Amino acid sequence: MQLAKVVENKGVKDEKVLDTIKKIPRHLFMDSSFEDHAYQDKAFPIAADQTISQPYTVAFQTEVLQVNKGDMVLEIGTGSGYQTAVLCELGARVYSIERQQELFKRTKLFLSKIGYRPRYLAFGDGYKGLPDYAPFDRIIVTAGAPFVPKPLLSQLKVGGRMVIPVGKDTQVMTLFERKSETEFEKTEFGNFRFVPLLEDRN
Ligand code: SAH
């Protein structure tokens, strides 16, 4: 069965998001040894002990994010660049941070090779966000955060949305909507399992 259909059967409804899953050749984002598995709804290893997220997780999180064309979107954890490509396909102005230098370099080259043009790919610490480019309409964290980093909340526009998996061993997908300078509305979704959002000292 087609990957987009599998994801749809699991409950993702947003047509624009499903179209990105149809359109993006996921096998290109994976090591050739795993290519045969590219169109299964599973996470797989990429370089530097990291993983490319499960397509359902990518689609679900993107659906909750509600990206509009032209939105300033900050992604934490560039990884393979698959989620970055999804955001680019949705017409977002994408800023993404990766803390593993090997992945950062490789994915930067790779995305430009296959024609995706995020606004800015940063090598750095996602806990800090990108204050020089803030505020953002949307923030998506693609690694499991043991706590919600304050700088990320403060770099969100009023009216903006941040989707972040929060927790140590398993994570609760959590949406923060910024209602005003000081108020955030929090909504929790199901449990997911991500690789950890690592702090500097690790
Ligand atoms: N969006 C990616 C998911 C990769 S897994 C994809 O679609 O493939 C999560 C990524 O977060 C890993 O690449 C990991 O190196 C990165 N990461 C972990 N801690 C981080 C931090 N503090 N700042 C930025 N990136 C981080």
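Because the structure is predicted, anything quoted here is derived from the model rather than measured.

## Comments concerning the pattern of salt bridges
Tallying each qualifying case throughout the model produces twelve salt bridges. A cluster of three or more residues bridged by salt bridges with shared partners is formed by Arg161, Glu177 and Lys179.

## Concerning the site of the ligand
Surveying the vicinity of the ligand reveals 26 residues, the closest of which are Gly77, Ser80, Glu98, Gly126 and Leu198. In this structure, Gly77 approaches the ligand through a main-chain N or O atom, which is 2.9 Å from a nitrogen atom. When the free accessible area of the ligand is taken as 580 Å², the share hidden by the protein chains comes to 99%. Secondary-structure elements contributing two or more residues to the shell around the ligand are β2 (51-52), α4 (82-89) and β4 (93-98). Broken down by class, the residue content of the shell around the ligand amounts to ten nonpolar, twelve polar and four charged.

## What about the sheet that holds β4?
In space, the seven strands of this open sheet follow the order β5-β4-β3-β6-β7-β8-β9, with mixed pairing throughout. Each edge of the open sheet carries a strand with a single partner, namely β5 (120-123) and β9 (184-192). Averaged over all adjacent pairs, the angle separating strand axes in this sheet is 15°, with direction ignored. Strand direction decides the pairing type here: strand β3 (residues 72-76) and strand β6 (residues 136-141), joined by four bridges, are parallel. Residue pairing across strands places Val73 opposite Arg138, the latter belonging to β6. Where helix α3 (residues 55-65) meets the sheet, its contacts fall on β3, β6, β7 (156-166), β8 (171-178) and β9, and the angle it forms with β7 comes to roughly 155°. Relative to β5, helix α5 (residues 101-113) is tilted by about 165°, and along the sheet it contacts β4 and β5.

## A look at helix α2 (residues 15-23)
Buried within α2 are the following residues: Val17, Leu18, Thr20 and Ile21. One side of α2 holds all its buried residues, which, seen down the axis, span an arc of 155°. Exposed side chains of α2 directed beyond 90 degrees from the buried face belong to Lys16 and Lys23. In this structure Asp14 caps α2, since a side-chain oxygen of it lies 2.9 Å from the backbone nitrogen of Lys16.

## Observations regarding the environment of Thr174
Following the sequence through the fold, Thr174 ends up in strand β8. Given the relative accessible area of 1%, Thr174 is considered buried. Expressed as a C-alpha distance, the spacing of Thr174 and Thr187, which sit 13 residues apart in the sequence, is 5.8 Å. Those residues within four positions of Thr174 in sequence are excluded, and the remaining contacts are Met162, Val163, Ile164, Val166, Lys186, Thr187 and Glu188. At a separation of 2.8 Å, a polar atom in the side chain of Thr174 contacts the main-chain carbonyl oxygen of Val172.

## Details of the packing of aromatic side chains
As enumerated under the stated definition, the model contains twelve aromatic pairs in all. Here a set of aromatic residues connected by ring pairs shows up, and it is made of Tyr56, Phe60, Phe189 and Phe192. Positioned above the aromatic ring of Tyr82, the side-chain terminus of Arg26 is 5.8 Å from the ring centre.

Rules and cut-offs
Residues numbered from 1 in each chain as written. Predicted model: local features only at pLDDT ≥ 70, side-chain atom pairs only at ≥ 80, totals over all residues. Heavy atoms only, no water. Salt bridge = Lys/Arg side-chain N within 4 Å of Asp/Glu carboxyl O. Near = heavy atom within 4 Å. Polar contact = N/O pair within 3.5 Å; in protein donor to acceptor, adjacent residues only side chain to side chain. Areas by Shrake-Rupley, 256 points an atom, 1.4 Å probe, with all protein chains shown as cover. Helix = DSSP H or I, 4+ residues; strand = E, 2+ residues; numbered from the N terminus. Nonpolar A, V, L, I, M, F, W, Y, C, P; charged D, E, K, R; others polar. Pairing = 2+ DSSP bridges. Axes fitted to C-alpha atoms, helices over the stretch in contact; angles between N-to-C directions. Contact = heavy atoms within 4.5 Å. Buried < 20%, exposed > 50% of the residue type's maximum accessible area, 1.4 Å probe, protein only. Arc of directions from axis to C-beta. Phe/Tyr/Trp six-rings, centres within 6.5 Å; stacked < 30°, edge-to-face > 60°. Lys NZ or Arg CZ within 6 Å of the ring centre and 35° of its normal.

Treat this as a map of the structure, not an account of what it does.
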